[in-house]
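# Commentary on secondary and tertiary structure
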Amino acid sequence: MNKLYWQTLGEGDLDLVLLHGWGLNAEVWRYTAERLAPHFRLHLVDLPGYGRSEGFGPMSIEEMADTVLAAAPQKAVWLGWSLGGLVASQIALSAPERVEKLIIVASSPCFAAHDEWPGIKSEVLHGFQHQLSEDFQRTVERFLALQTLGSDSARQDARMLKSVVLSQPMPSVEVLNGGLEILRQVDLRQALCQLSVPMLRIYGALDGLVPRKIVPLLDALWPESESHIIEKSAHAPFISHPEAFCEQIKQFAVTH
């Protein structure tokens, strides 16, 4: 039986599940968790196939959501970063009764660029898939460097992300490829228009993977949701600007 890595900590009464991004694992939340633990009961998860949740092969977004949901508390605030944002969104769509509130961080309902939609160019994602088979570690490192590009603390942020990846078992090439396939193909823009769960979207002003141009487009598409841009941060605002980030989470999840 494959088992998800799942750690619960914190003193708060409210359950908050944290889902990491592509190529990484739950250790990415290490410093965020210290700040949030007094306010929440935190659930740190390695997504299926990532980090300590070994033994899972590549999955569709629906399979990933179902697997995580099966181990989750009955009702929680769900926070997903990047690829984790898609998984959290899919959970909110398939089981809204299990989701108190939804927070998506540096994530897009459609990561790939289309016509008028800003995103990652298809050839860039294809390129990463091709490079994975040739030089696995270097490709992951390049992707991590892209995530911090532009922020004042880019170098130390990239080092932190790299240490998180290397501290736990690496996902297989197949799992990483499956994750890139999700980023390339999934489009939840229209599906999330029907969402009745309160939603907060947090973005980095300098994010090279999820351009801030999508913010006004989604404000118009999902008028019930809230958005917040953290200035001078890139794709990992919780690492470069932990205080501003945690303040947003507490404000939205606890005081709303």
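Residues numbered from 1 in each chain as written. Predicted model: local features only at pLDDT ≥ 70, side-chain atom pairs only at ≥ 80, totals over all residues. Heavy atoms only, no water.

## A look at the overall build of the chain
In terms of regular secondary structure, the chain is built from 10 helices and seven strands. Its C-alpha radius of gyration of 17 Å places the chain within 12% of the 18 Å reference for a compact globule of 256 residues. Overall, the chain is about 45 × 45 × 35 Å in size when its C-alpha atoms are taken along their principal axes. When the accessible surface of the chain is summed, it comes to about 10800 Å², and 49% of that surface belongs to carbon and sulfur atoms. Between the averaged position of the 21 positive side-chain charges in the chain and that of its 30 negative side-chain charges there is a distance of 5 Å. (Helix = DSSP H or I, 4+ residues; strand = E, 2+ residues; numbered from the N terminus. Rg over C-alpha atoms; globule rule 2.2 N^0.38 Å. Areas by Shrake-Rupley, 256 points an atom, 1.4 Å probe, with all protein chains shown as cover. Lys, Arg positive; Asp, Glu negative; His and termini not counted. Charge placed at Lys NZ, Arg CZ, Asp CG, Glu CD.)

## Points about the nonpolar core
Formed by 88 residues in total, the largest nonpolar core has its most connected members in Trp78, Trp81 and Leu102. Ranked by residues supplied to this core, first place goes to helix α3 (residues 83–94) with six residues. (Core = buried A, V, L, I, M, F, W, Y, C linked by side-chain atoms within 4.5 Å. Buried < 20%, exposed > 50% of the residue type's maximum accessible area, 1.4 Å probe, protein only.)

## Description of the UniProt feature "binding site: substrate" (unreviewed entry) in the chain
Within the UniProt annotation, "binding site: substrate" (unreviewed entry) is assigned to Trp22, Ser82, Leu83, Phe143, Leu144, Ala145, Leu146, Gln147 and His235. Within the secondary structure, serine 82 is located in the loop between β4 (76–81) and α3. If sequence neighbours within four positions are ignored, leucine 83 has contacts with His20, Gly21, Trp22, Tyr50, Phe111, Gly179, Ile182 and Leu183. (UniProt positions renumbered as here; feature names shortened; annotations may be inferred. Contact = heavy atoms within 4.5 Å.)

## A short note on the pattern of salt bridges
If you walk through the whole model with that rule in mind, you get 11 salt bridges. A salt bridge links aspartate 46 to arginine 52, with the shortest nitrogen-to-oxygen separation between them at 2.8 Å. A salt bridge links arginine 212 to glutamate 231; the nearest nitrogen and oxygen atoms lie 3.7 Å apart. Taken together, the positions of arginine 212 in the loop between β6 (199–204) and α8 (214–221) and glutamate 231 in the loop between β7 (226–230) and α9 (237–240) put the pair 19 residues apart, joining distant regions of the chain. Classification of glutamate 231 as partly exposed rests on a relative accessible area of 46%. Taken together, the salt bridges that share partners define one network made up of Glu27, Arg30, Asp46 and Arg52. (Salt bridge = Lys/Arg side-chain N within 4 Å of Asp/Glu carboxyl O.)

## So, the packing of helix α2 (residues 61–70) against α3
Where α2 meets α3, the axes come as close as 9 Å, and the angle between the chain directions of the two elements is 75 degrees. Our classification of the angle between α2 and α3 gives roughly perpendicular. Touching Ile61, Glu62, Met64, Ala65, Val68 and Leu69 of α2 are Leu86, Val87, Gln90 and Ile91, all from α3. Classifying every residue of the contact of α2 with α3 gives eight nonpolar, one polar and one charged. (Axes fitted to C-alpha atoms, helices over the stretch in contact; angles between N-to-C directions. Parallel < 35°, antiparallel > 145°, perpendicular 65-115°, else oblique. Nonpolar A, V, L, I, M, F, W, Y, C, P; charged D, E, K, R; others polar.)

## A look at the sheet that holds strand β5 (residues 99–105)
On the basis of which strands lie adjacent, the open sheet formed by seven strands has the order β1-β3-β2-β4-β5-β6-β7 and mixed pairing. Single-partner strands in this sheet number two, and they are β1 (5–9) and β7. Across the sheet, the axes of successive neighbouring strands diverge by a mean angle of 20 degrees, strand direction being ignored. Examined bridge by bridge, β6 and β7 share five bridges and lie parallel to one another. Residue pairing for β7: arginine 201 is matched across the bridge by serine 227. Those strands touched by α3 are β2 (14–19), β4 and β5, and its axis lies near 145 degrees from that of β4. (Pairing = 2+ DSSP bridges.)

## Things to note about the environment of leucine 86
Relative to the helices and strands, leucine 86 is located in helix α3. A sequence separation of 25 residues divides leucine 86 from isoleucine 61, and the C-alpha atoms of the two residues are 7.6 Å apart. Apart from residues no more than four positions distant in its own chain, leucine 86 is found in contact with Ile61, Ser107, Ser108, Pro109, Phe111, Ile182, Leu183, Val186 and Leu188.

## Some points on α2
Listing the buried residues of α2 in full gives Ile61, Met64, Ala65, Val68 and Leu69. The buried residues of α2 all sit within an arc of 125 degrees when viewed along its axis, so they share a single face. Looking at the buried residues of α2, the elements they touch are β1, β2, β4, α3 and α7 (173–185). (Arc of directions from axis to C-beta.)

## Looking at the state of the cysteines
In this structure the tally under the stated criterion is zero disulfides. Unpaired in this structure, cysteine 110 has its nearest cysteine sulfur neighbour in cysteine 193, at a distance of 13 Å. Owing to a relative accessible area of 29%, cysteine 193 belongs among the partly exposed residues under this scheme. (Disulfide = S-S within 2.5 Å.)

## Notes on helix α4 (residues 122–134)
Between the first and last C-alpha of α4 there are 19 Å, a value that for 13 residues agrees with the 18 Å anticipated at 1.5 Å per step. Within α4, burial applies to Leu125, Gly127, Phe128, Gln129 and Leu132. On its buried face, α4 sits against α5 (136–148) and α7. (Expected span 1.5 Å × (residues − 1).)

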